[in-house]
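Tertiary structure, described
Residue-level listing of the chains:
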Amino acid sequence: METVRKVDDNRFSYADYLQWHDNERRELIDGTPMLMSPAPNRIHQTVLRRIASRIEGFLQDRPCELFFAPFDVRLEPLPIPNDQSFHVVQPDILVVCDPSKLDDHGCNGPPDWVIEIVSPSTASRDHIVKRQLYERFGVLEYWIAQPMDQIVLVYHLGNDGEYGKPDVYSSEDVVTVGILPELKIDLGEVFYRRGDGREAMGYGR
């Protein structure tokens, strides 16, 4: 059994993380535990389900796999022991095309594609902290879906290892997935409110 030790007074590893059994959901950002927000609201879950169902349908009989939170992603690439892993995130949606990155705990190394669905309590983490992390560790494609604004920001990792400016799409657009160019996602179908034609969603409405 792996010995759990705190790296220092303020920094924890994935080995520590595995020993926490208080039912709180956390992420580790450079060894700092960050509590995740309470259960996502209905709009968040609806958008997640609609995007994930389109990806899942496309990936049938293809090598890439779809996962969604809660699912641990240790961003440091293999091989690395648990007590040396300090970045653990739980993206809303992720796609992994290299099966060697998958183990019983989740994903070890950067996914190929990550989607975060923004709520008011997660906006700064998704736009700043996680964008920097995903860029740093080489996530090829990062989407930030904003149901309140009915837009999706899409970052593609460049040859220089940086994201640069995102492409911005609205509910009127069909987005071609960069890592899976045969997959196209109609954002109008993602953001509409069932029973109200194709009225866009928005928090608090």
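Residues numbered from 1 in each chain as written. Predicted model: local features only at pLDDT ≥ 70, side-chain atom pairs only at ≥ 80, totals over all residues. Heavy atoms only, no water.

A few words on the overall build of the chain. From N to C terminus, the chain includes 4 helices and 14 strands. Residues classed as buried in the chain amount to 47% of the 205 residues present. Excluding contacts between residues fewer than 6 apart, the proportion of contacts in the chain whose partners are at least 24 apart in sequence is 54%. (Helix = DSSP H or I, 4+ residues; strand = E, 2+ residues; numbered from the N terminus. Buried < 20%, exposed > 50% of the residue type's maximum accessible area, 1.4 Å probe, protein only. Contact = heavy atoms within 4.5 Å.)

Here Cys-64 shows up in the loop between α2 (42-59) and β3 (65-68). Exposure remark for Cys-64: the relative accessible area of 9% places this residue in the buried category. Separated by 34 residues in the primary sequence, Cys-64 and Asp-98 have C-alpha atoms spaced 7.1 Å apart. Setting aside anything within four residues of it in sequence, one finds Cys-64 in contact with Leu-59, Val-95, Val-96, Cys-97 and Leu-180.

Let us now look at the side chain of Glu-27. Within the secondary structure, Glu-27 sits in strand β1 (residues 26-29). A polar side-chain atom of Glu-27 sits 2.7 Å from the main-chain amide nitrogen of Gln-90. (Polar contact = N/O pair within 3.5 Å; in protein donor to acceptor, adjacent residues only side chain to side chain.)

With that out of the way, let us pick up unusual backbone geometry. Here the amide bond leading from Ala-69 into Pro-70 is cis, since omega sits at 0 degrees, within 30 degrees of zero. For Pro-70, the position within the fold is in the loop between β3 and β4 (72-74). Non-glycine residue Asp-61 carries a positive phi angle of around 65 degrees. Looking at where Asp-61 falls in the secondary structure, it is placed in the loop between α2 and β3. Here Gln-150, not a glycine, exhibits a phi torsion of approximately 60 degrees, which is positive. Mapping Gln-150 onto the fold places it in the loop between β10 (141-146) and β11 (151-156). Since its relative accessible area comes to 18%, Gln-150 is described here as buried.

Let us look at the environment of Leu-35. The topology assignment puts Leu-35 in strand β2 (residues 32-35). A residue is classified by how much of its surface remains accessible, and Leu-35, at 48% relative accessible area, is partly exposed. Separated by 10 residues in sequence, Leu-35 and Arg-25 have C-alpha atoms that sit 6.0 Å apart.

Here the structure, examined in full by the defined rule, presents 9 aromatic pairs. Taken together, a centroid distance of 4.4 Å and an interplanar angle of 15 degrees make the contact between Phe-67 and Phe-71 stacked. Here the two residues Phe-67 and Phe-71 agree in accessibility, since each one is buried. Note that Arg-11 overlies the ring of Phe-86, its terminal NZ or CZ placed 3.9 Å from the centroid. (Phe/Tyr/Trp six-rings, centres within 6.5 Å; stacked < 30°, edge-to-face > 60°. Lys NZ or Arg CZ within 6 Å of the ring centre and 35° of its normal.)

Moving on: the pattern of salt bridges. Inspection of the entire model under this criterion finds 8 salt bridges. A salt bridge links Arg-74 to Asp-103, with the shortest nitrogen-to-oxygen separation between them at 2.7 Å. Here the residue Arg-74 occupies a position in strand β4, and Asp-103 occupies one in strand β7 (residues 102-103), the gap between them amounting to 29 residues. Looking at Arg-74, the relative accessible area reads 2%, which means it is buried. On the basis of relative accessible area, Asp-103 is assigned to the partly exposed category, the value being 37%. (Salt bridge = Lys/Arg side-chain N within 4 Å of Asp/Glu carboxyl O.)

All right, on to the pairing of β11 then. By the bridge criterion, 6 bridges tie β10 to β11 in an arrangement that is antiparallel. Looking at β11, one finds that Ile-144 is bridged to Leu-153. Here β11 pairs with strand β12 (residues 167-170) via 4 bridges, running antiparallel. The residue of β12 that forms the bridge with Val-154 is Asp-167. (Pairing = 2+ DSSP bridges.)

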